[in-house]
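The primary structure of each chain is shown beneath.
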Amino acid sequence: MPRQRLNVCSFFVYRPNENPRNHDYLPMLRLLQKSCDALDLRHVVLTDQATANELRPEGFETFAAILPVSLMQACTEIQALWLEQGDWQGADTITVGADCLILRNPDKHFPASSDADLCVTLRPGHDRYPINTGAILYRSIARGRLATIFRGIAESTGTRWCDDQRAIEQALSPMPDRHIFAERQGVQVAFLPMFVHNQSPTSVRDPARAACVLHFRGKNRKYMTEWAAIHRPEWLK
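Reading guide: rules and limits
The residue numbers shown here count from 1 along each chain, following its written sequence. At least 70 in pLDDT is required for a residue's local features to be given in this predicted model, at least 80 for side-chain atom pairs to be given and counted, and no such filter applies to totals for whole chains, interfaces and linings, which use all residues. Side-chain metrics in this entry use all non-hydrogen atoms of the structure; hydrogen atoms and water are not considered. Note on classification: 1.4 Å probe, protein chains only; a residue is buried when its accessible area is under 20% of the maximum for its type, exposed when over 50%, partly exposed between these limits. Strands here mean DSSP runs of E at least two residues long; helices mean DSSP runs of H or I at least four residues long; both are numbered from the N terminus. In this description, one arc is meant: the one made by directions from the helix axis to the C-beta atoms. Contact criterion: two residues are considered in contact whenever any of their non-hydrogen atoms come within 4.5 Å of each other. The pairing criterion for strands is at least two bridges between them, as found by DSSP. Between N-to-C directions, angles cover 0 to 180 degrees, with each direction set by a line fitted to C-alpha atoms, over the stretch in contact for helices. As used in this structure description, the phrase polar contact means that two N or O atoms lie within 3.5 Å; if the pair is within protein, one of them must be able to donate a hydrogen and the other to accept it, and residues adjacent in sequence are counted only when both atoms belong to side chains. Here, a salt bridge means any side-chain nitrogen of Lys or Arg that lies within 4 Å of a carboxyl oxygen of Asp or Glu. The set of buried Ala, Val, Leu, Ile, Met, Phe, Trp, Tyr and Cys residues whose side-chain atoms join them within 4.5 Å is what this entry labels a nonpolar core.

Chemist: Before we go on, may I ask you to explain helix H8 (residues 224–231) in this structure?
Modeler: The periodicity of an α-helix, 3.6 residues per turn, causes residues three or four positions apart to be oriented the same way. Taken as a whole, H8 has its buried residues at Met-224, Trp-227, Ala-228 and His-231. Each buried residue of H8 sits inside an arc of 100° when the element is viewed along its axis, so together they form one side. Close packing links the buried residues of H8 with helix H1 (25–38), strand E5 (100–102) and strand E10 (213–215).

What follows is the structure, given as structure tokens:
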């Protein structure tokens, strides 16, 4: 039986009151789609019904639900719903930011399901946000247990910016001081380095050859299209 395609699930909803530059994410989503197509990965946008109605005519596959108004709460709620109700088509899932590109197949570059049920990226010693949620991999073999954990994360997420990261940190506490495998709430968690697994380019000229997930977070977000024009021009056609 052929191996099923990994589900790459991005998150995007229109919330202009919380994020005035919300529409800037559409070109990034198109590039993310191209990066998934190049690796034969399934890309699904986790979103709300109104946003889904705008994305589907562009050819995006969506998983939509009625979501909270708060952007942070909407993010963790739709992730929990995907774990509980989504059609995974027999494959594993990685959730990524809409400001990410997939350069190498995460199924081959993250720990195997025999080693970890859940993979997150850790910044050891980072006091405010030790876990960056730009890339999280969930193994389908542990889907039921992970759904319970992420339902709790959704219910504990506040409305402030980055409260999604605070909620997952609390759920997976204590935070290790190094990159390790550890048991949390009945699942085996891989606390992985940002390098490779959730890497940011050092500049627009950085080819990021080692990266599996390339994350244009923060100030790098505006360089995503320019980076693609230099390193993956075929994705802009």
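Chemist: Would you mind going over unusual backbone geometry with me for this structure?
Modeler: As a rule of thumb, non-glycine residues mostly have phi less than zero, and peptide bonds are mostly trans rather than cis. Look at the link from Ser-173 to Pro-174: it is a cis peptide, with omega at 0°. In this structure, Pro-174 sits in the loop between helix H6 (163–171) and strand E8 (181–184). At Cys-162, a residue that is not glycine, the phi angle is positive and equals roughly 75°. Mapped onto the fold, Cys-162 is located in the loop between helix H5 (143–156) and H6. On the basis of relative accessibility, which here comes to 14%, the residue Cys-162 falls in the buried class. Backbone geometry at Gln-185 places phi at a positive 50°, although glycine is not the residue there.

Chemist: In this structure, what is going on with the sheet that holds strand E7 (residues 131–138)? I would like to understand it.
Modeler: One open sheet holds the 8 strands; their spatial order is E3-E2-E1-E4-E7-E6-E9-E8, and the pairing between them is mixed. Edge positions in the sheet fall to strand E3 (61–65) and E8, since each has one partner strand and no second. Within this sheet the neighbouring strands show an average axis-to-axis angle of 30°, counted without direction. Here strand E6 (residues 118–122) runs beside E7; their pairing, made up of 4 bridges, is antiparallel. Within the sheet, the bridge partner assigned to Thr-121 lies in E7 and is Asn-132.

Chemist: For this particular structure, what's the right way to read the environment of Ser-35?
Modeler: Within the secondary structure, Ser-35 is located in helix H1. Ser-35 sits 183 residues away from Gly-218 along the chain, and the two C-alpha atoms are 20 Å apart. Those residues in contact with Ser-35 that lie beyond four places of it in its chain are Leu-101, Ile-102 and Trp-235.

Chemist: Looking at this structure, how should I read the side chain of Arg-42?
Modeler: Following the sequence through the fold, Arg-42 ends up in strand E2 (residues 42–48). What makes Arg-42 buried here is its relative accessible area of 5%. A polar contact is formed between the side chain of Arg-42 and the side chain of Glu-61, at a distance of 2.5 Å. Setting aside chain neighbours within four positions, we find Arg-42 in contact with Arg-5, Leu-6, Asn-7, Val-8, Glu-61, Trp-82, Asp-87, Trp-88 and Gln-89.

Chemist: Where do I start with the pattern of salt bridges in this structure?
Modeler: Pairs may arise between side chains of opposite charge once their charged atoms sit close together. Scanning the entire structure with this criterion turns up 12 salt bridges. With a closest N to O distance of 2.5 Å, Glu-61 and Arg-42 form a salt bridge. Residue Glu-61 is found in strand E3, and its partner Arg-42 is found in strand E2; the two are separated by 19 residues along the sequence. A salt bridge links Asp-177 to Arg-178, with the shortest nitrogen-to-oxygen separation between them at 3.1 Å. Its relative accessible area of 52% is what places Arg-178 among the exposed residues. Within this structure, Glu-77, Glu-84 and Arg-151 form a network of salt bridges that share partners.

Chemist: Help me out: how do you make sense of the nonpolar core in this one?
Modeler: Grouped burial of nonpolar side chains is what soluble globular proteins tend to show. Among the nonpolar cores identified, the biggest contains 41 residues, and Leu-29, Ile-94 and Val-96 are the most heavily contacted of them. Going through the elements one at a time, H1, strand E4 (93–96), E5, E7, strand E9 (187–192), E10 and H8 are the ones with two or more residues in this core. Per-element tally for this core: the top contributor is H1, with 7 residues. Other than its neighbours up to four places away in sequence, Ile-94 contacts Leu-6, Asn-7, Val-8, Cys-9, Pro-106, Phe-110, Ala-135, Ile-136, Leu-137 and Val-213.

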